[in-house]
Amino acid sequence: MASWETLTAFAILTLAVAYFPGPALLYTAAQTIAHGRRAGFMAMLGIHLGCYVHVVAAAFGLSAVFQHVPELYMAVKLAGALYLVWLGIGMIRSKLGGAGEDVVMAPPKTVKRALRDSFIVEVLNPKVALFFIALLPQFVDPAAALPVWAQFLVLGMIVNFAFSSADFLTVLGASAVIQTMKKTKAGFAFGRWLGGSLMIGLGLKLATDKG
């Protein structure tokens, strides 16, 4: 592995990126606002698991395909964007529960769907793949006893847990903010509309982003 000085720099950079407000935090907040705390935590878990797909792909050089085949990158990006928009529309159109419904409770199907949807959204985001192949090689030591692919996995896991810690705090914050709002039917409807709108906005941003 790299030196302790290099690893310290890596940790600081990782935390700075993880806690900077971005699409992943907005997505987790949107799931929490629309469906409650449990769904938010499942969304966090789905993103965490989906991120391992990119970590493994980076470790074995598969993510580099996106750099050499821009058509594939564009196709995956658009698929992910359309999926986000579809999820957002589904949130807005979903049936309302009764007033006074507890924000921390969500139907089991909704919780499971949040896990599945979040995993798919993360896997279909090629920017995550490019992020890993741009960042991790800077902190890999080819001369170390640990194989390069194993160093990729270790560093990728550190990044993933850092991002998940930020998602965890986002879920707690979002659920606290909407605790009162969802005690009325109007507030409940607004929460679904806001969460769905955030999701649609993220999808449109992903589709139109030139990067």
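Residues numbered from 1 in each chain as written. Predicted model: local features only at pLDDT ≥ 70, side-chain atom pairs only at ≥ 80, totals over all residues. Heavy atoms only, no water.

1. Considering the overall build of the protein chain
Formally: Segments assigned H or I by DSSP are reported as helices when at least four residues long, segments assigned E as strands when at least two residues long, and all are numbered from the N terminus. Three exposure classes are used, based on accessible area relative to the maximum for each residue type with a 1.4 Å probe and protein chains only: buried under 20%, partly exposed in between, and exposed over 50%. In what follows, residue pairs with any heavy atoms lying within 4.5 Å of each other are defined as contacts. Residue burial considers only the protein chains on display, and all accessible areas are found by Shrake-Rupley using a 1.4 Å probe.
Scanning the protein chain for helices and strands turns up nine helices and zero strands. Ordered by position from N to C terminus, the α and β elements of the protein chain give α-α-α-α-α-α-α-α-α. Across the 211 residues of the protein chain, 43% fall into the buried class. A fraction of 86% describes how many contacts in the protein chain between residues 6 or more apart in sequence connect residues 24 or more apart. Summing over all exposed atoms, the protein chain offers an accessible surface of approximately 10,700 Å²; the carbon and sulfur share of this is 74%.

2. Some details on the packing of aromatic side chains
Spelled out, the test is: Stacked, edge-to-face and tilted are the three classes for Phe, Tyr and Trp ring pairs, Trp counted by its six-membered ring, which pair at centre distances within 6.5 Å; planes under 30 degrees apart are stacked, over 60 edge-to-face, the rest tilted.
Per the stated rule, a full pass over the model turns up six aromatic pairs. When the centroid spacing of 5.3 Å and the interplanar angle of 25° are considered together, the rings of phenylalanine 41 and phenylalanine 168 count as stacked. Pair noted here: phenylalanine 41 is in helix α3 (residues 37–59) and phenylalanine 168 is in helix α8 (residues 148–177), with a separation of 127 residues, a long-range link. Judged by relative accessible area, which is 37%, phenylalanine 168 ranks as partly exposed. With centroids separated by 5.6 Å and ring planes inclined at 70°, the aromatic side chains of phenylalanine 131 and phenylalanine 132 adopt a geometry described as edge-to-face. Taking the relative accessible area as the measure of exposure, phenylalanine 131 reaches 28% and is therefore partly exposed. Among the aromatic side chains, those forming a connected cluster through ring pairs are Phe131, Phe132 and Phe163.

3. What to know about the pattern of salt bridges
The cut-off we apply is this: For this analysis, a salt bridge means a side-chain nitrogen from Lys or Arg found within 4 Å of a carboxyl oxygen belonging to Asp or Glu.
For the structure shown, the criterion picks out three salt bridges. For aspartate 117, the salt bridge identified is with arginine 116, shortest N-O distance 2.9 Å. The exposure class assigned to aspartate 117 is buried, which follows from its relative accessible area of 5%. The partner of lysine 205 in a salt bridge is aspartate 209, and the shortest N-O contact between them spans 3.5 Å. Classification of lysine 205 by relative accessible area gives partly exposed; the value is 46%.

4. Focus on the confidence of the model for the protein chain
Where we set the bar: Each residue gets a pLDDT score, which is the predictor's confidence in that residue and runs from 0 to 100.
In this model, the protein chain carries an average pLDDT of 84, and 88% of its residues clear a pLDDT of 70 or more. Ranking the elements of the protein chain by mean pLDDT puts helix α4 (residues 65–68) last, at 78, and α3 first, at 94. Here residues 97–104 scores under 50 on pLDDT; set against residues more than four positions off or in separate chains, the count is 18 contacts.

5. Some points on the nonpolar core
To keep it simple, the criterion reads: Put simply, a nonpolar core is a bunch of buried Ala, Val, Leu, Ile, Met, Phe, Trp, Tyr and Cys residues held in one set by side-chain atoms that sit within 4.5 Å of each other.
Judged by nonpolar contacts, the single largest core of 16 residues is most densely connected at Phe10, Phe132, Leu135, Leu136, Phe152, Leu155 and Val159. Mapped onto this core, the elements with two or more residues apiece are α1 (4–18), α3, α7 (126–135) and α8. Core analysis: the next-biggest nonpolar cluster, separate from the first, contains 14 residues, Tyr27, Tyr83, Leu84 and Leu202 among them.

6. Re the environment of isoleucine 47
Following the sequence through the fold, isoleucine 47 ends up in helix α3. With residues near it in sequence (within four places) discarded, isoleucine 47 still touches Ala24, Tyr27, Thr28, Ser118, Phe119, Glu122 and Asp167.

7. Brief notes about a nonpolar patch on the surface
Put simply, the test is: Every patch collects residues that have over 30% relative accessible area and no salt bridge, joining them within 9 Å if they carry like charges and within 5 Å if they are nonpolar side chains (Val, Leu, Ile, Met, Phe, Trp, Tyr).
There is a patch of nonpolar side chains on the surface, built from Leu15, Tyr19, Phe168, Leu169 and Leu172 and spanning about 440 Å² of accessible area. Per element, the largest residue contribution to the nonpolar patch is three residues, and it comes from α8.

8. Looking at the environment of valine 85
Topologically, valine 85 is positioned in helix α5 (residues 70–93). Separated by 122 residues in sequence, valine 85 and alanine 207 have C-alpha atoms that sit 10.0 Å apart. Excluding anything up to four places from it in sequence, valine 85 contacts Met199, Ile200, Gly203 and Leu204.

9. A short note on the side chain of aspartate 167
Filter applied, for reference: Lys and Arg are tallied as positive, Asp and Glu as negative. Neither His nor the chain termini are counted.
Turning to its location among the elements, aspartate 167 is positioned in helix α8. Comment: no salt bridge for buried aspartate 167; closest opposite-charge side chain is arginine 37, at 15 Å. Excluding residues within four positions of it along the chain, aspartate 167 makes contact with Ala24, Leu25, Thr28, Met44 and Ile47.

10. Comments concerning the packing of helix α2 (residues 23–35) against α8
Quick reminder of the rule: Axis geometry follows a simple rule: fit a line to the C-alpha atoms, using only the stretch in contact for helices, then measure angles between N-to-C directions, giving values from 0 to 180 degrees. Crossing chirality is assigned from the near helix's rotation relative to the far helix, an anticlockwise turn below a right angle marking it left-handed and a clockwise turn marking it right-handed. Residue polarity follows a fixed list, in which Ala, Val, Leu, Ile, Met, Phe, Trp, Tyr, Cys and Pro are nonpolar, Asp, Glu, Lys and Arg are charged, and the others, Gly among them, are polar.
It is the contact of α2 with α8, at a shortest axis distance of 9 Å, that shows an interaxial angle of 40°. Of the two elements, α2 crosses α8, and the hand of that crossing is right-handed. Facing α2, whose interface residues are Ala24, Leu25, Thr28, Ala29, Thr32 and Ile33, α8 presents Ala166, Asp167, Thr170, Val171, Ala174 and Ser175. Split by residue class, the contact of α2 with α8 holds seven nonpolar, four polar and one charged.

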